[in-house]
Amino acid sequence: MSATYLGFDLSSSGLKCLAVTPDLKAVHEESITFDQDLPSYGVSGGVLKNETENEVYAPVAMWIEALDLLLQRMKDNGFDFSTVKGMSGAGQQHGSVYWSDKAEDLLKSLDPTKTLVDQLSPSAFTHPFSPNWQDHSTQPECEQFETTSCSGDSLAHTTGSRAHHRFTGPQIKRFLRLRPEIYESTPRISLVSSFLCSLFLGKIAPLDISDVCGMNLWSIPTNSWDETLLALTAEGSKDGAAGLKTKLGEVSQHPGENLGAISQFFVSRYGFTPSCIITPFTGDNPSTILALPLRPMDAILSLGTSTTLLMVTETYKTSVEYHMFNHPTTRGLYMFMLCYCNGALAREELKDTLNNGKGGDWSAFNQAALSSPIAGKSTPSAPAKLGIYFPLPENIPNVRAGTWRFTYDGQSIKETSEGWNIPHDDARSILESQALSMRLRSDPLLEEAGDKRQPRRLYVVGGGSKNEAIVEVMAQVLGAKEGVYRLDVGSNACALGAAYLAAWGGEAEGAAFEDWVQERWDESSMVKKIAEGYREGVWETYGELVEGLRLVEKSIVGRASN
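These numbers were taken from a predicted model, which means no experiment stands behind them.

Calculation rules
Residues numbered from 1 in each chain as written. Predicted model: local features only at pLDDT ≥ 70, side-chain atom pairs only at ≥ 80, totals over all residues. Heavy atoms only, no water. Helix = DSSP H or I, 4+ residues; strand = E, 2+ residues; numbered from the N terminus. Rg over C-alpha atoms; globule rule 2.2 N^0.38 Å. Buried < 20%, exposed > 50% of the residue type's maximum accessible area, 1.4 Å probe, protein only. Contact = heavy atoms within 4.5 Å. Areas by Shrake-Rupley, 256 points an atom, 1.4 Å probe, with all protein chains shown as cover. Lys, Arg positive; Asp, Glu negative; His and termini not counted. Charge placed at Lys NZ, Arg CZ, Asp CG, Glu CD. Pairing = 2+ DSSP bridges. Axes fitted to C-alpha atoms, helices over the stretch in contact; angles between N-to-C directions. Polar contact = N/O pair within 3.5 Å; in protein donor to acceptor, adjacent residues only side chain to side chain. Core = buried A, V, L, I, M, F, W, Y, C linked by side-chain atoms within 4.5 Å. Parallel < 35°, antiparallel > 145°, perpendicular 65-115°, else oblique. Nonpolar A, V, L, I, M, F, W, Y, C, P; charged D, E, K, R; others polar.

J.: Provide a residue-level description of the overall build of the protein chain, including the pertinent values.
T.: Within the protein chain, the regular secondary structure consists of 21 helices and 26 strands. Computed over C-alpha atoms, the radius of gyration of the protein chain comes to 24 Å, within 12% of the 24 Å expected from 2.2 N^0.38 for 562 residues, which places it in the range of a compact globule. Structurally, the protein chain occupies a C-alpha span of about 75 × 55 × 45 Å along its principal axes. In the protein chain, buried positions account for 59% of the 562 residues. Considering only contacts within the protein chain whose residues lie at least 6 apart along the sequence, 72% involve residues at least 24 apart. Here the protein chain displays about 21,400 Å² of accessible surface, and carbon together with sulfur accounts for 47% of that area. Averaging the positions of the 49 positive and the 69 negative side-chain charges in the protein chain gives two centres separated by 2 Å.

J.: Mind laying out the sheet that holds strand E25 (residues 484–487), listing which residues take part and the relevant values?
T.: For sheets, the rule is that strands pair by backbone hydrogen bonds, running either parallel or antiparallel. Pairing within the open sheet is mixed, and its seven strands lie in the order E19-E20-E18-E17-E24-E25-E26. The open sheet has two edge strands, strand E19 (323–326) and strand E26 (527–531), and neither has a second partner. Neighbour to neighbour, the strand axes of the sheet diverge by 25 degrees on average, direction disregarded. As paired strands, strand E18 (residues 307–313) and strand E20 (residues 334–340) are joined by seven bridges and run antiparallel to one another. The residue of E20 that forms the bridge with Val312 is Met335.

J.: Run through the side chain of Thr159, naming residues and quoting values.
T.: Along the chain, the position of Thr159 falls in helix H6 (residues 152–159). Thr159 sits in the buried class, given a relative accessible area of 1%. A distance of 3.1 Å separates the side chain of Thr159 from the side chain of Asn216, its partner in a polar contact. Other than its neighbours up to four places away in sequence, Thr159 contacts Cys213, Asn216, Leu217, Trp218, Ile220, Leu229, Tyr316 and Met324.

J.: Explain the sheet that holds strand E4 (residues 48–50) to me, and be specific about the residues and the numbers.
T.: Here three strands make up an open sheet; going across it, the order is E4-E5-E8 and the pairing antiparallel. If you trace the sheet from one side to the other, it starts and ends with E4 and strand E8 (129–131), each paired once. With direction set aside, neighbouring strand axes in the sheet form an average angle of 35 degrees. Note that E4 and strand E5 (residues 55–59) share three bridges and pair antiparallel. Paired with Lys49 across the strands is Val56, a residue of E5. Helix-sheet contacts for helix H2 (residues 60–76) involve E5 and E8, and the interaxial angle to E5 is about 40 degrees.

J.: Any chance you could break down the side chain of Thr168 for me, citing the residues and the numbers?
T.: In this fold, Thr168 is placed in helix H7 (residues 168–178). Judged by its relative accessible area of 0%, Thr168 falls in the buried class. Side-chain polar atoms of Thr168 contact the backbone oxygen of His94, separated by 2.9 Å. Each residue touching Thr168, except ones within four places of it in the same chain, is listed here: His94, Ser96, Leu191, Gly214 and Met215.

J.: Which residues make up the nonpolar core, and what are the values?
T.: In this structure, Trp225, Leu248, Leu301, Met438, Leu458 and Tyr500 are the most contacted members of the largest nonpolar core, which totals 124 residues. Residue contributions to this core peak at nine residues, all from helix H18 (residues 493–507). Every residue in contact with Met438, bar those within four places of it in the chain, is listed here: Leu301, Thr307, Leu309, Leu338, Tyr340, Met474 and Leu478. Grouped together as the second largest cluster of nonpolar side chains are 55 residues, Leu48, Phe79, Val97 and Ile204 included.

J.: Give me the packing of H18 against helix H19 (residues 513–520): which residues, what numbers.
T.: The geometry of H18 relative to H19 is characterised by a closest axis approach of 11 Å and an angle of 105 degrees between their N-to-C directions. Taken together, the axes of H18 and H19 lie roughly perpendicular to each other. Note on element contacts: H19 touches H18 through Phe513, Trp516 and Val517, opposite Tyr500, Leu501, Ala503, Trp504 and Glu507. Here the contact of H18 with H19 is built from residues that sort into seven nonpolar, no polar and one charged.

J.: Report on unusual backbone geometry, specifying residues and quantitative values.
T.: The omega angle of the peptide bond from Ile396 to Pro397 is -5 degrees, so this bond is cis rather than trans. Counting through the fold element by element, Pro397 comes out in the loop between strand E21 (384–390) and strand E22 (402–408). For Cys150, which is not a glycine, the phi torsion comes out positive at approximately 85 degrees. Topologically, Cys150 is positioned in the loop between helix H5 (139–148) and H6. Take Cys150: its relative accessible area is 72%, and that puts it in the exposed class.

Written out as structure tokens, the structure reads:
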């Protein structure tokens, strides 16, 4: 190997590293699983929980020890760190790390004969834990954020999202409320991504322009910190908003920029070349969209445990129901993210019902879904059948667990199971309702698509992407112009995106990220076209049902489980 670039992924459950060549060929992979490889921390799923306070958090020392362990494994397995020209990384979004006044000196003077964790923990930090994205302890703070902004809609317009329990602004405000002395003694606060970047850089790294959008503190329209939200977060502290801005530090607004050379510690201990450059590390969700040359109006549909739709768009339109982030590499583009709790679980429950409660394969579900007409309409004039299936409480819309069935005549809805062949009709209905919800919410972001507001391409990932019926029905509803493609990057999308980001930063010389990756990306080995997207007449028919779904959701919001 003449040259490589590294991409790291610090997730809730583990730490991964992927090495690619300048032509984007993956050549090495290594991973650490926190539960298995670092059992002394007592984590489950990589986190600790205080259920009384709805707290979910992770030991920062565990992450540092994992980095030492990962790099040592790579070295033991023959990876040559002297080939590495640059690196980037992805960090689980929203988490915060609290540095001490000793941190900068410790990072600059690391002894290569000792481990990172022995030198940095606990002295480099004022608090040993980082809140995890599953944390739900900040309800009072979230309410204050939305009240201060007048509404959730107003906050979303400013920051890209309404107030969320896991977002860093509410988390910092709670930290200040519970630990005011520790907050005052904390000179710098990092996101998980910039924390990991700091270890390699040998000094505290700036925040990333995309990851900063997961804080409820950054104004996307003005491209600056929102002073009102900073003041709210720092209320009661010694230096107020100005002090918090200093703690957060700079935001890197030049994607792929060279932040500096790698720390001498890694040169001496692991054999990195002193010229290895560090580029900004971003969040895990932004990094995912960098794992392929995603163009405006392209979308990634993740059909895993949850159902997530990611899309690149030139349109900045916000809602309390989804997230908008700055694009991690391209100014003028945004990343849209829509995430549902009820994805695979809802589909699998129905599959088991069709198998008489015995589990089994998907053949009965698939046969029922593909043999049923659109929206269960036996004739063109028959009312459409629309169902909602939430085994778990859902955020989009904000509804408790339950199952509801309706008919829709094009004007009004009627809650009824009359005319439904249960559970046969539910198979197609559950897929249609999930896809119609995504279509309803992504439609405002597809203005540049023209009269037919469709994604250009739809890339599907996750376990559900291997199911023909699931993909076929959702493809009919969403209607991607150039078709539906299965994306196969294994479980390494975040690390791969980070590696591509590093290679682009080191090699591209000003070329746009998407163009540069497209020239080197081996599409034939990464994606396979598995379905047509737009079918004339079918997509239009589903368009007539979007309003019906909106009426159904409006009807069930606020209801108890049935």
